[in-house]
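Listed below, chain by chain, are the residues.
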Amino acid sequence: MDAFSHLIETAGLTTLFFAIFGESVGLFLPAESVLIAIITLRETGNLSLTHIVLAAWSGAVLGNGAAYMIGRRFGRPVILTYGARFGLSEPRFAMAEAKMARHGALILVVSRFILLVRQVSGFVAGTTDMPWPRYLVANVLGATLWVAIWTWIGVRFAELTALFPWLLEHLHIVALIAVPALIIGGIVWWMLRRRKAKRNDSTG
């Protein structure tokens, strides 16, 4: 645990930033777990809660912004060329564009809290040409809410570990079990949704 605490002290904010940035771009990274772990160990690592919040917030905003730019530059040609192979035909893409045009800002904010959806929300917003001002407001609002809620959870969890020290000692074990379970559950959910969509297309 000393080595882990030293890592938090020396590279905690950098690790947190890139974990959340990477997940916002589209990588499957345990952003919430990293945030909670660093908040829980902030006193051991001599980290300021304000600095933790700023690192998390900037990673979320900039990561989703990068995904938006990638989607705006490369998304449409890639989806129109290869999308049908993955169940995203041109009619479905047109429906996605229509939904983003009507409810894009709300979708972006809500997607922050949905595993597998938040990884692609910025890319989809860029691909469907969501106006930059509207996207920026939704991105900042979603990131602010997400960081605020998970920071509150992290602080409450830190208080719990103070009452039950064994939780802190076994935090890495909890993360090793919980993170893969969440990722696998999200993938299974996505596969079931995709299979259901294919059945609907075949019967429709």
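Residues numbered from 1 in each chain as written. Predicted model: local features only at pLDDT ≥ 70, side-chain atom pairs only at ≥ 80, totals over all residues. Heavy atoms only, no water.

Enquirer: Got a sec to walk through the overall build of the protein chain? Specific residues and values, please.
Expert: Within the protein chain one finds 8 helices and 0 strands. Residues counted as buried form 35% of the 204 residues belonging to the protein chain. Put simply, 80% of the contacts in the protein chain that link residues at least 6 apart link residues at least 24 apart. Summed over all atoms, the accessible surface of the protein chain reaches about 11900 Å², with 71% contributed by carbon and sulfur. (Helix = DSSP H or I, 4+ residues; strand = E, 2+ residues; numbered from the N terminus. Buried < 20%, exposed > 50% of the residue type's maximum accessible area, 1.4 Å probe, protein only. Contact = heavy atoms within 4.5 Å. Areas by Shrake-Rupley, 256 points an atom, 1.4 Å probe, with all protein chains shown as cover.)

Enquirer: Explain helix α2 (residues 31-40) to me, using residue names and the numbers behind them.
Expert: Taking burial as the measure, the 10 residues of α2 include 9 buried ones, the bulk of the element. Buried within α2 we find A31, E32, V34, L35, I36, A37, I38, I39 and T40.

Enquirer: Tell me about the nonpolar core, and please be specific about residues and values.
Expert: Most often, soluble globular proteins have nonpolar side chains that are buried together. Counting residues in hydrophobic clusters, the biggest one holds 18 residues, and the most contacted among them are L16, I20, L35, I38, I52, A56 and W146. For this core, the secondary structure elements donating two or more residues are α1 (2-25), α2, α3 (49-82) and α6 (132-163). When near neighbours in sequence (up to four residues on either side) are disregarded, I20 contacts A31, A56, G59, A60 and W146. By size, the runner-up hydrophobic cluster in this structure holds 8 residues, among which are M100, A125, M130 and A138. (Core = buried A, V, L, I, M, F, W, Y, C linked by side-chain atoms within 4.5 Å.)

Enquirer: I'd love a proper account of a positive patch on the surface, names of residues and values included.
Expert: A cluster of basic residues, K99, R102, R193 and K196, forms a positive patch on the protein surface. Elements with a contribution of two residues or more to the positive patch: α4 (90-111) and α8 (171-203). For K99, the location among the structural elements is in helix α4. (Patch = residues over 30% accessible without salt bridge, like charges linked within 9 Å, V, L, I, M, F, W, Y side chains within 5 Å. Salt bridge = Lys/Arg side-chain N within 4 Å of Asp/Glu carboxyl O. Lys, Arg positive; Asp, Glu negative; His and termini not counted. Charge placed at Lys NZ, Arg CZ, Asp CG, Glu CD.)

Enquirer: Break down helix α5 (residues 118-127) for me, citing the residues and quoting the values.
Expert: α5 sits mainly inside the fold: 7 of its 10 residues count as buried. For α5, the complete set of buried residues consists of R118, Q119, S121, G122, A125, G126 and T127. Count one or two residues on from α5 and you reach D129, which has phi positive near 60 degrees.

Enquirer: Which residues make up the packing of aromatic side chains, and what values do they have?
Expert: In this structure the tally under the stated criterion is 5 aromatic pairs. Taking 5.1 Å as the distance between ring centres and 85 degrees as the angle between the ring planes, the aromatic pair formed by F17 and F18 counts as edge-to-face. Residue classification places F17 among the buried residues on the basis of a relative accessible area of 18%. With centroids separated by 5.4 Å and ring planes inclined at 50 degrees, the aromatic side chains of Y68 and W132 adopt a geometry described as tilted. Taken together, the residues span a long stretch of sequence, with Y68 in helix α3 and W132 in helix α6 at a distance of 64 residues. Here a set of aromatic residues connected by ring pairs shows up, and it is made of F17, F18 and F21. (Phe/Tyr/Trp six-rings, centres within 6.5 Å; stacked < 30°, edge-to-face > 60°.)

Enquirer: For a nonpolar patch on the surface, give the residues involved together with the corresponding values.
Expert: On the surface, a cluster of nonpolar side chains totalling about 580 Å² of accessible area is made up of L106, V110, F113, I114, L141, L145 and I149. No other element matches the 3 residues that α6 contributes to the nonpolar patch. Counting through the fold element by element, L145 comes out in helix α6. By relative accessible area, L145 is classed as partly exposed at 37%.

Enquirer: Tell me about the confidence of the model for the protein chain, residues and numbers included.
Expert: Per-residue confidence for the protein chain averages 78 on the pLDDT scale, and 67% of its residues sit at or above 70. Of all secondary-structure elements in the protein chain, the lowest mean pLDDT belongs to helix α7 (residues 165-169), at 57, while α6 reaches the highest, 89. (pLDDT = per-residue confidence, 0-100.)

Enquirer: Which residues make up the pattern of salt bridges, and what are the values?
Expert: Scanning all chains against the criterion turns up 2 salt bridges. Among the ionic pairs, R118 bridges to E23, the shortest N-O distance being 3.1 Å. Placement of R118 in helix α5 and of E23 in helix α1 is noted, with a sequence separation of 95 residues between them. In this structure R118 comes out as buried when scored by relative accessible area, which is 7%. Taking the relative accessible area as the measure of exposure, E23 reaches 2% and is therefore buried. Beyond isolated ion pairs, a larger network of salt bridges with shared partners links E23, E32 and R118.

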